[in-house]
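Here is how the chains run, residue by residue.
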Amino acid sequence: MGHLLSKNGYRLKKRPRKLHHRKKKKRNCFLQGPCMLCFIVHSNSIGIGAVAASKLAERYATLASPEDCSKFLLSPRELSLWEGQGKSLLSAVPAKLFPPPALFRTAGVSVTVPIPVPVPGCVCKRKCSEVQRCTPCKQPRCAFAAPDGGLENGGVGGGGGEAASNSETGHCHLPLCPLPSSSTSSSSASSSSSSSSPADGCCGLGLHADLPHSSDSSPCCLHHYDDCQARSSDAADHLSINHLPSSILLKVLSHLTVKERCLCASLVCKYWRDLCLDFQFWKQIDLSGLQQVNDDLLVKIASRRQNVTEINISDCRGVHDHGVSSLASHCPGLQKYTAYRCKQLGDTSLSALATHCPLLVKVHVGNQDKLTDDALKKLGEHCSELKDIHLGQCYSITDEGMVALARGCPKLQRLYLQENKLVTDRSVQAVAENCPELQFVGFMGCPVTSQGVIHLTALRNLSVLDLRHISELNNETVMEVVRKCRDLSSLNLCLNWSINDRCVEIIAKEGRSLKELYLVSCKITDHALIAIGQYSSTIETVDAGWCKDITDQGATQIAQSSKSLRYLGLMRCDKVNEETVERLVVQYPHIVFSTVMQDCKRTLERAYQMGWSPNTSNTS
């Protein structure tokens with residue numbers, strides 16, 4: 001029995017075998033506990049008897065070679081006596097020193113060996129006597145399922161009955177584990193002496209001490225590591241956009257329009273549907289151009305989303321006064337209301353908004369024929385915070401409504417009227433006197449005169465003035481407004497035949513903050529363009545389209561003399577040759593020249609940049 005535990009115990013049978021391209025590492029003992037020879041040689045207090053112990057010691061001392069050690073066998077009587085004496089002493093040995101049954105095997109050969117029973121008497125001082133802990137591994141090593149469901153061998157978790165059975169039979173069998181590759185064997189050769197060799201692992205005794213940081217790993221552990229890596233890579237492959245935090249997804253969805261969120265994003269999954277219903281998306285609602293929008297939809301939005309602050313229902317022909325009134329009653333915090341070209345709406349909807357939404361700051365209701373002064377009076381009565389109003393092409397509005405609005409909304413900053421045929425100089429005077437914070441004023445096509453426009457000189461914060469197509473507007477009034485309104489940055493005088501070269505020269509001299517000057521269809525010549533280039537250092541945009549008296553001289557000199565000019569409109573200035581414009585484009589690349597030919601070239605260039613290509617196929 002002693003030869004099984006000697007240094008070269010794998011030479012149990014004198015049979016050559018392959019070492020799998022690696023020299024077997026010599027070990028002092030194959031077991032993790034104290035070896036049997038230690039108890040035999042060093043112990044004198046064993047119950048076998050002094051004579052038997054001395055005889056065994058003499059026999060062991062005479063062993064000089066591995067061959068002699070292989071002949072050192074205990075007789076059946078000595079073995080039974082030893083085991084009989086050892087059974088009464090097992091309680092004194094720690095349980096962790098009893099290894100599971102061990103099996104020495106060679107490639108393809110299964111060997112049955114008796115199971116030694118350690119007897120305490122002394123502690124082995126060899127290095128192998130230290131019990132080495134194994135790192136956890138989910139994969140089984142050298143164990144296989146027994147018929148009764150337990151581990152047949154090599155498992156550390158075997159039941160007590162199984163151990164007893166093995167100890168009684170004295171032998172066990174295990175399936176052959178695959179040997180490590182040559183690369184593994186070569187790498188393990190350079191590891192420290194405390195690391196167990198592959199032969200001592202799955203392919204050896206079935207007991208493998210895996211050090212936590214050992215470079216040697218059994219094939220089973222390597223398989224477990226690869227499996228973990230595969231699982232982690234699979235998990236990475238299955239990551240989707242839904243793994244992002246909801247705040248990031250909300251930011252992504254915020255770049256979509258209401259139509260895209262409702263008809264596309266919300267149909268992806270329930271999670272996206274819930275995100276699309278987030279309250280922040282329903283604060284500013286843009287339903288413009290959606291013909292599916294009707295009163296019922298507005299009622300649902302109002303009943304479920306009472307935090308609406310901005311809504312746009314322009315061109316929604318299915319919305320009527322009832323839907324807007326319901327929205328107003330449920331959304332008292334509404335601040336911005338836009339409803340262009342909703343001809344079916346009238347005073348009822350706007351009056352409801354004024355009554356229920358006192359925080360309104362913006363009302364754009366252009367092109368509503370049914371709107372009258374009653375709605376404007378409601379706005380002036382309840383909406384003192386109103387700052388921006390657009391009433392273009394509301395033909396039923398008169399001076400009475402405009403005066404009431406101006407008096408009730410002193411914080412008004414933007415006022416735009418267009419072709420309101422019943423609005424006269426009285427409205428302009430009321431606005432100028434009651435709304436000192438006005439910055440944007442437009443009276444395009446309204447029947448106002450210079451007597452009304454002159455009141456705008458009281459507006460010190462005026463920056464944008466639109467006086468297009470005012471029939472009775474003289475040059476003196478325009479020059480006075482430019483002199484008094486020092487912050488004026490944009491002036492639109494298009495379609496006014498009374499504006500001449502002298503007026504433009506004064507504007508260029510007095511407009512110290514002026515950046516945009518629109519003179520389409522005005523009665524000006526080259527002298528006006530030359531004056532702008534000579535006297536103005538701030539004007540960047542000049543539009544002189546449809547001015548028949550503009551020639552190559554005016555276009556060339558303003559481009560040469562002006563240091564601030566960035567845009568020059570020459571549309572349908574027939575006396576300006578296209579060759580001159582082509583030359584100016586090359587000489588002054590920082591200036592955009594607008595003509596029919598140049599605009600066509602820019603449009604075609606943008607189309608090419610966006611991927612458009614002409615159809616070269618010969619079609620009949």
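Conventions used here
Residue indices begin from 1 for each chain and proceed along its sequence in written order. With the structure being a predicted model, the display of local features is reserved for residues of pLDDT at least 70 and the display and counting of side-chain atom pairs for 80 or more, all residues being used for whole-chain, interface and lining totals. Note: side-chain values were computed over all heavy atoms of the structure, leaving out hydrogens and water. In this text, helices come from DSSP runs of H or I with a minimum length of four residues, and strands from runs of E with a minimum of two, each type numbered from the N-terminal end. Partly exposed describes any residue whose relative accessible area lies between the buried limit of under 20% and the exposed limit of over 50%, with all areas from a 1.4 Å probe on protein chains only and scaled to the type maximum. Residue contacts are defined here by distance: any two heavy atoms, one from each residue, within 4.5 Å place the two residues in contact. Note on areas: Shrake-Rupley with a 1.4 Å probe; residue coverage comes only from the protein chains shown. A strand pair is defined by DSSP finding two or more bridges across the two strands. Crossover handedness is defined here as right-handed if the route from the first strand over the helix to the second strand goes clockwise, with the strands pointing away from the viewer. Patch membership requires over 30% relative accessible area and the absence of a salt bridge. Like charges are linked within 9 Å, and nonpolar side chains (Val, Leu, Ile, Met, Phe, Trp, Tyr) within 5 Å. Note on definitions: salt bridges are taken to be side-chain nitrogens of Lys or Arg within 4 Å of carboxyl oxygens of Asp or Glu. As a per-residue measure, pLDDT tells how confident the predictor is, with possible values from 0 to 100. Here a Phe, Tyr or Trp ring, Trp counted by its six-membered ring, pairs with any other such ring whose centre lies within 6.5 Å, and the pair is stacked when the planes are under 30 degrees apart, edge-to-face when over 60, and tilted otherwise. Put simply, a charge is over a ring when the Lys NZ or the Arg CZ is close to the ring centre, within 6 Å, and near the line of the ring normal, within 35 degrees.

As recorded in an unreviewed UniProt entry, the chain goes by F-box domain-containing protein and comes from Echeneis naucrates.

Peer 1: I'm lost on the overall build of the chain in this one. Help?
Peer 2: Each helix and strand counted, the chain has 23 helices and 15 strands in total. Residues classed as buried in the chain amount to 43% of the 620 residues present. Within the chain, residue pairs in contact and separated by at least 24 positions form 73% of the contacts whose partners lie at least 6 positions apart. If you sum the accessible surface of the chain, you get close to 32300 Å²; carbon and sulfur atoms cover 54% of it.

Peer 1: What's the story with the pairing of strand S8 (residues 414-418) in this structure? I'm lost.
Peer 2: The two faces of a sheet get side chains in turn, since along a regular strand they alternate between them. A large share of S8 lies buried, amounting to four of its five residues. As paired elements, strand S7 (residues 388-390) and S8 share three bridges and run parallel to each other. Its bridge partner being in S8, His 390 is matched across the sheet by Tyr 416. In the classification by handedness, the crossover that spans S7, the intervening helix H15 (residues 399-408) and the parallel S8 is right-handed. Assessed by its sense of winding, the connection that carries the chain from S8 through helix H16 (residues 425-434) to strand S9 (residues 440-444) is right-handed.

Peer 1: What am I meant to see in a nonpolar patch on the surface here?
Peer 2: On the surface, a cluster of nonpolar side chains totalling about 300 Å² of accessible area is made up of Ile 241, Leu 244, Ile 248 and Val 252. Locating Ile 241 in the fold gives a position in the loop between helix H7 (219-237) and helix H8 (246-253). Note on Ile 241: relative accessible area 39%, which makes it partly exposed.

Peer 1: How should the confidence of the model for the chain be read in this particular structure?
Peer 2: In the predicted model, the chain carries a mean pLDDT of 75, and the fraction of residues at 70 or more is 61%. Below pLDDT 50 for its whole length, residues 1-13 participates in 40 contacts with residues either more than four positions away or in separate chains. Scored below 50 in pLDDT, residues 86-218 shows 216 contacts in the model against residues more than four places distant or in partner chains.

Peer 1: Would you mind showing me how to read the side chain of Ser 326 here?
Peer 2: You can see Ser 326 is positioned in helix H12 (residues 321-330). In this structure Ser 326 comes out as buried when scored by relative accessible area, which is 12%. Contact partners of Ser 326, with chain neighbours within four places excluded, come to Val 299 and Ala 302.

Peer 1: Is there a simple way to explain the pattern of salt bridges in this structure?
Peer 2: Where charged atoms from two side chains of opposite charge approach closely, those side chains can pair. In this structure the tally under the stated criterion is 17 salt bridges. Linking Arg 341 and Asp 315 is a salt bridge whose minimum nitrogen-to-oxygen distance equals 2.8 Å. On the criterion of sequence distance, the pair formed by Arg 341 in the loop between strand S5 (336-338) and helix H13 (347-356) and Asp 315 in the loop between strand S4 (310-312) and H12 is long-range, its members being 26 residues apart. Salt bridges sharing partners connect three or more residues here, namely Lys 270, Arg 273 and Asp 274.

Peer 1: Would you take a moment to explain the packing of aromatic side chains for this structure?
Peer 2: Note on aromatic pairs: each is described by the distance of the centres and the angle between the planes. Tallied over the entire structure, the rule returns two aromatic pairs. Judged by centre distance (6.3 Å) and plane angle (45°), the ring pair of Tyr 416 and Phe 440 falls under tilted. Taken together, the positions of Tyr 416 in strand S8 and Phe 440 in strand S9 put the pair 24 residues apart, joining distant regions of the chain. With a relative accessible area of 17%, Phe 440 lands in the buried category. A ring pair is formed by Tyr 608 and Trp 612, whose centres lie 5.5 Å apart and whose planes are at 50°; its orientation type is tilted. Residue classification places Tyr 608 among the partly exposed residues on the basis of a relative accessible area of 43%. Against the face of Phe 440 rests Arg 414, its NZ or CZ located 4.3 Å from the ring centre.

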